[in-house]
Structure formats: structure tokens, C-alpha cells
2 protein chains.
Amino acid sequence: MFKFAFYCKKMITKKHLQILGKAEELFATRGYEGTTVRDIADAAGVNLAMISYYFGSKEKLLEALFKERMSATKQRIETVVKNDTLSPFQKMEIMIDQYIDRVSEKQTFYKVMLCAQVINKNTVVLKLLKELKLVYATLIREVIEEGQQTKVFKNDVDVVMLLTTMTGTVTNMLINKDYYREFNDQRKISNTAFEEQLKSNLKKHLKQIFKVILGYES
Amino acid sequence: MFKFAFYCKKMITKKHLQILGKAEELFATRGYEGTTVRDIADAAGVNLAMISYYFGSKEKLLEALFKERMSATKQRIETVVKNDTLSPFQKMEIMIDQYIDRVSEKQTFYKVMLCAQVINKNTVVLKLLKELKLVYATLIREVIEEGQQTKVFKNDVDVVMLLTTMTGTVTNMLINKDYYREFNDQRKISNTAFEEQLKSNLKKHLKQIFKVILGYES
DNA sequence: AATAATTAATTAAACATTTGTTTGATAAAT
DNA sequence: ATTTATCAAACAAATGTTTAATTAATTATT
């Protein structure tokens, strides 16, 4: 007899995504260990046993979250890098814009990701993180080498250092957002207006830095 | 009768520091919630009950750790900023060097701190973090304004953005260190040599960035 | 189309561990 | 003689996971 469940064992339904979304929020505010499966079940409005039923275990739920959220990332970068109509310069700027928009859009997950990079335990999550970093660095190196050949970029560029400044600045801003707002006294403007302002500032800031490190003229 | 314990209730003995050190290591690798008081007691080689006896509770131990590690930070920055023999330019460069050396020296704690900034719960820790950030930003702004008056620095400098790039790059490198080493194929050199190399690279990198953002000429 | 058969979804309760903390007794230090 | 430090044991509460029963949904058969 044909077993549908066998072939689609890892199929993600809407209910899966609903639970993952609530779990993500809790992980971001309380941490993985600080969140109980009862918390997740309550937040998602499902019975406690459904977590094990849907994901197998709390740990596999975490893995599922990372797989889900990181699934399209690689393709997104590749689309830019492999686009022949774009110059290396354009590719770098688009990459900065894309990254900032992405983090802004998926703030909760990037908080979870940040902690996961420090508190490393789950091998599946570690593998996903490592792979993503390697893909990122390799693709960006391609772009930089392309720019170096056309004499647009400097010859000695520390790729990972540059990427670390980009990801570090953006993820750290995620943490310091409130202080940024308070310090610059932007408490009066609306939340959405502030978010847009911040994104704009970050993009300008990082592009200025990239310009210097890569050595191109605008 | 004279009560020594009353006046020195919060006195930190060598045993306190020993336990704090082991707890710090565990928090950095497993997270606060992921670490049990039994783990800490075992690692420190003391009886389980001693943790409560010395610190009152697991949470107060965390607070004690933050208080201990952050105690001298404010003074360290102030010493540089209030030093009249240094130019604003020199102050900024010293601050970068100091920060990188400090994070490199206390890597474990900065990992704990990074997670604590995301997973905020303990009010004492939150207050310490907030105060430190405000002190930092305020002092740096003083230096920048000093440099602006003598026309050494540009007039429109986003202080918190600049600080975010510094702390973000350094703390993110803490997380990406292994990838950095692997990607640049520096696996052959010794650990200490790599650490020194990395510190040197970070300092050079951030000074270059600061130079552009602040607009001074070297 | 109606009904039986089968699979999937949901639930409350129970399970065995693990958790942070406390106790009360004993040893060490003052 | 009094305080301080240390310990094994016990405590209740919380934890992730499983069970067994029930309901809902789907598929197969008449």
C-alpha cells in the first residue's frame, strides 16, 4: 500500500509553520534552554503532546526552525552573484542592501541565530551555520576577485574580516537598537519610521566602509 | 559585637572568584539556562550547596559575575578620555586597541555578555549593560566633539553607529574566529600566534574604518 | 452515495528525570 | 565557645517525552 507519509515525512504544513513561528519568538526572548515545550504549545495554542507529534522532539523542532529559515538564503545570494548584468560594485551594494533588509525582516530569527553561534551544541544547527558562512564567504570572494581583475577593487582584501564587519554591525545593531534610538533622541517618531531610518543609516554606513576597504570610487 | 559579615556582605573571596570563573566558562558554552548549579559545583570542585551558600542563588551568581567583570570597565575608559595629554585622535586609537585587547583577554565573558544582550531577563544584569553602553557612548561623544572643535573630525558623526561597528566587528569575530582561520588557511600557525595576528588585523581594520568615518588624516 | 475501514489529529494524564534550593548534621576555623 | 564552611540527603517543582483513549478526517468498499 502506498504510504504518503513515508515520502513526505518532512513535509511542512501550515501548523508546523505556526508552531515554528511561536517557538522562534520564545527562543529569541528566553533562549532555547529557557523555553519549555509547554511554553511553545501554549503560545501556539496546541496541546503539549503535539510538539513531539509534529517534530519528534524539542531539539528537532529547533533544527526544523533553522532549516526552514535558512532554506532560501543560499539561493538568494547566488542569484545576485551569478547575475552577469551586474558589476562587482553593484553586486556588493545589492548584497549589503539585501542583508540589512533580510535581518530587519527576520529580526527574531537573527537573534536566535546569534545566540546559537555562541552556545553551540546541536550538530545539525552547527552544520547549517558553518555551511552558510562558507557559502557566503566563497561567493563574496568570487565577486571581489572579479572586481580585482577589472582593477575596480584593491588587491589585498580580507574577505571574512569585511563580512564580519557587515554581519557584526547589523546584528549588533539589532541588540543596540533601543540605545541607538534613545541616544539619538528619536523616541518621538513612529516605530516603523525609525526602522526605515535605521535601515537607511545602516546601508549608507556599510557602503561607506566597503568603499574604503575595497578601494573603489563611487 | 562587631559584625564583619554585615559590613562586608558582598566581599568577594578567592573561592567566589574560582566558582565565578568556572560558571563563566559553562555559561559561555552552554548558556545560563543550559548550565545547572550541579555543573558549576562539579567544575569548581565544591559541594552543590556551596553555590547557594556563597551567592544565594543561581541568578545572584550571574549578577555577581557581571558585577565582577564589569567593575573596572568604566574607569578604564575614563582614564583614557580624561587624559589631557592625549589628542582626540590618539584617544580613539587607544580606545580601539584597548577594546580589542580586553575582548581577546576576556573572551569567555564577552560570549556570555553577547547572549545576555539578546536573552534579557535579569534586571540587575540589564541595568549594568545599559549603564555601560550609555557611559561608553557618552564618553566617546565627548572625545568626538573635542575633535570636531579642533576641526580634526567631521561634523556629522553617528556615535552609536560607529561604536556598533566596533563592538559588532569584534564580538562577531569572536564567533567567527574559526571560520576566519580556516578560510584564510592559517591552521598551521600556533594558537597564540593566530590570536596575535587576529588582534593586529582587527586593530588595523577598525582604525581604517574610524579614519574614514571620523574624517581625519593619519 | 452511503457505509465501513483505516489513518491522522488531538487530548489529558502519567512517566521518569532533572532542576534549584533547603535542611540538619558535622567538621573547621576563629 | 561561637561562628563559618562543608557535606550528603531530601524537597518540591518543573522538565521533555510517552501513553492510551478519543475524535476527526480520509480512503476503500459496497
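Heads up: these notes are all about the structure in this document.

1. Description of the protein's contact with DNA strand C
Taken together, 17 residues surround DNA strand C, and among them A:Tyr53, B:Thr36, B:Val37, B:Arg38 and B:Lys58 come closest. Between A:Lys15 and DNA strand C, the recorded distance is 3.1 Å, taken from a side-chain N or O atom to a phosphate oxygen. Contact distances for DNA strand C include 3.0 Å between a phosphate oxygen and a side-chain N or O atom of A:Tyr54. Looking at the surface near DNA strand C, the elements that each hand over two or more residues are helix H4 (48–55) of chain A together with helix H3 (37–44) and helix H4 (48–55) of chain B. By residue number, the principal contributor to the surface near DNA strand C is H4(A), which donates four residues.

2. Observations concerning the packing of helix H7 (residues 88–105) of chain A against helix H10 (residues 159–183) of chain A
All names here are of chain A. Where H7 contacts H10, the two axes come as close as 10 Å, and the packing angle between them is 25°. Between H7 and H10, the angle is such that the two are roughly parallel. Between H7 and H10 lies a crossing whose hand is right-handed. Contact residues: H7 offers Met92, Met95, Ile96, Tyr99, Ile100 and Val103, while H10 offers Leu162, Met166, Thr167, Val170, Thr171 and Leu174. Grouping the amino acids of the contact of H7 with H10 by side-chain chemistry returns 10 nonpolar, two polar and no charged.

3. Thoughts on the interface of chain B and chain A
With 45 residues of chain B at the contact, the number on the chain A side is 45 residues. Summed over both sides, the interface between chain B and chain A buries roughly 4400 Å², with carbon and sulfur atoms accounting for 67% of that surface. For the chain B face of the interface with chain A, the top three residues by lost area are B:Met161, B:Tyr179 and B:Phe183, together amounting to 17%. Taken together, chain B and chain A are joined by two salt bridges. Taking the shortest distance from any N to any O, the salt bridge between B:Glu182 and A:Lys130 comes out at 3.5 Å. Where chain B packs against chain A, one counts 14 residue pairs in polar contact (both at pLDDT 80 or more). Going through the elements one at a time, helix H2 (14–30), helix H8 (107–118), helix H9 (123–149), helix H10 (159–183) and helix H11 (191–214) of chain B are the ones with two or more residues in the side of chain B that touches chain A. Among the elements that line the side of chain B that touches chain A, the one with the most residues is H10(B), at 17 residues. Of the residues assigned to the side of chain B that touches chain A, the class counts are 18 nonpolar, 18 polar and nine charged.

4. Digging into the side chain of A:Lys203
All names here are of chain A. Along the chain, the position of Lys203 falls in helix H11 (residues 191–214). Overall, Lys203 belongs to the buried group, its relative accessible area being 18%. In contact with Lys203, not counting residues within four places along its chain, are Ile96, Asp97, Ile100 and Asp101.

5. Focus on the nonpolar core
One finds A:Phe66 and B:Phe66 to be the most contacted residues of the largest nonpolar core, which totals 126 residues. When residues no more than four places from it in sequence are discounted, the contact partners of B:Phe66 are B:Phe109, B:Val112, B:Met113, B:Ala116, B:Val125, B:Leu128 and B:Leu129. The next biggest cluster of nonpolar side chains, apart from the first, holds eight residues, and it includes A:Leu114, A:Ile175, B:Leu114 and B:Cys115.

6. Examining the packing of H10(A) against H9(B)
Where H10(A) contacts H9(B), the two axes come as close as 11 Å, and the packing angle between them is 50°. Judged by the angle between their axes, H10(A) and H9(B) are oblique. Between H10(A) and H9(B) lies a crossing of right-handed hand. Here H10(A) contributes A:Ile175, A:Asn176, A:Tyr179, A:Glu182 and A:Phe183 to the contact with H9(B), which in turn contributes B:Lys130, B:Lys133, B:Ala137, B:Thr138 and B:Arg141. Broken down by class, the residue content of the contact of H10(A) with H9(B) amounts to four nonpolar, two polar and four charged.

7. What to know about the protein's contact with DNA strand D
As a matter of local geometry, DNA strand D sits amid 16 residues, with A:Thr36, A:Arg38, A:Lys58, B:Met50 and B:Tyr53 nearest to it. Within 4 Å of the protein, the atoms of DNA strand D are drawn from sugar and phosphate moieties in a proportion of 53%. Measuring from a phosphate oxygen of DNA strand D, one finds a backbone N or O atom of A:Val37 at 3.0 Å. Between DNA strand D and A:Arg38 there is a distance of 2.9 Å, counted from a base nitrogen to a side-chain nitrogen or oxygen.

8. Focus: H8(B)
Taking 1.5 Å per residue as the helical rise, H8(B) with its 12 residues ought to reach 16 Å, and the 17 Å between its terminal C-alpha atoms agrees with that figure. Taken together, the buried positions of H8(B) are B:Gln107, B:Phe109, B:Tyr110, B:Val112, B:Met113, B:Leu114, B:Cys115, B:Ala116, B:Gln117 and B:Val118.

9. Regarding the packing of aromatic side chains
On inspection of all chains with the given rule, the structure shows 12 aromatic pairs over all chains. Between A:Tyr99 and A:Tyr110 the ring centres are 6.2 Å apart and the planes differ by 90°, which places this aromatic pair in the edge-to-face class. You can see A:Tyr99 sitting in helix H7 and its partner A:Tyr110 sitting in helix H8 (residues 107–118), a full 11 residues away along the chain. Here the aromatic rings of B:Tyr53 and B:Tyr54 are separated by 5.8 Å at their centres, their planes lie at 80°, and the arrangement is edge-to-face. Through pairs of rings, three or more aromatic residues link up here, namely A:Phe66, A:Tyr99, A:Phe109 and A:Tyr110.

10. Re the environment of A:Val80
Residue and element names in this part refer to chain A. Structurally, Val80 is set in helix H6 (residues 73–81). With relative accessibility at 9%, the residue Val80 sits in the buried group. When the C-alpha positions of Val80 and Gln90 are compared, they lie 9.3 Å apart, and in sequence the two are 10 residues distant. If sequence neighbours within four positions are ignored, Val80 has contacts with Leu86, Lys91, Ile94 and Gln98.

Cut-offs and rules
Residues numbered from 1 in each chain as written. Chains lettered and ligands numbered in written order. Predicted model: local features only at pLDDT ≥ 70, side-chain atom pairs only at ≥ 80, totals over all residues. Heavy atoms only, no water. Near = heavy atom within 4 Å. Polar contact = N/O pair within 3.5 Å; in protein donor to acceptor, adjacent residues only side chain to side chain. Helix = DSSP H or I, 4+ residues; strand = E, 2+ residues; numbered from the N terminus. Axes fitted to C-alpha atoms, helices over the stretch in contact; angles between N-to-C directions. Parallel < 35°, antiparallel > 145°, perpendicular 65-115°, else oblique. Left-handed = near helix turned anticlockwise from the far one by under 90°. Contact = heavy atoms within 4.5 Å. Nonpolar A, V, L, I, M, F, W, Y, C, P; charged D, E, K, R; others polar. Buried area = accessible area lost by both parts, 1.4 Å probe. Salt bridge = Lys/Arg side-chain N within 4 Å of Asp/Glu carboxyl O. Buried < 20%, exposed > 50% of the residue type's maximum accessible area, 1.4 Å probe, protein only. Core = buried A, V, L, I, M, F, W, Y, C linked by side-chain atoms within 4.5 Å. Expected span 1.5 Å × (residues − 1). Phe/Tyr/Trp six-rings, centres within 6.5 Å; stacked < 30°, edge-to-face > 60°.

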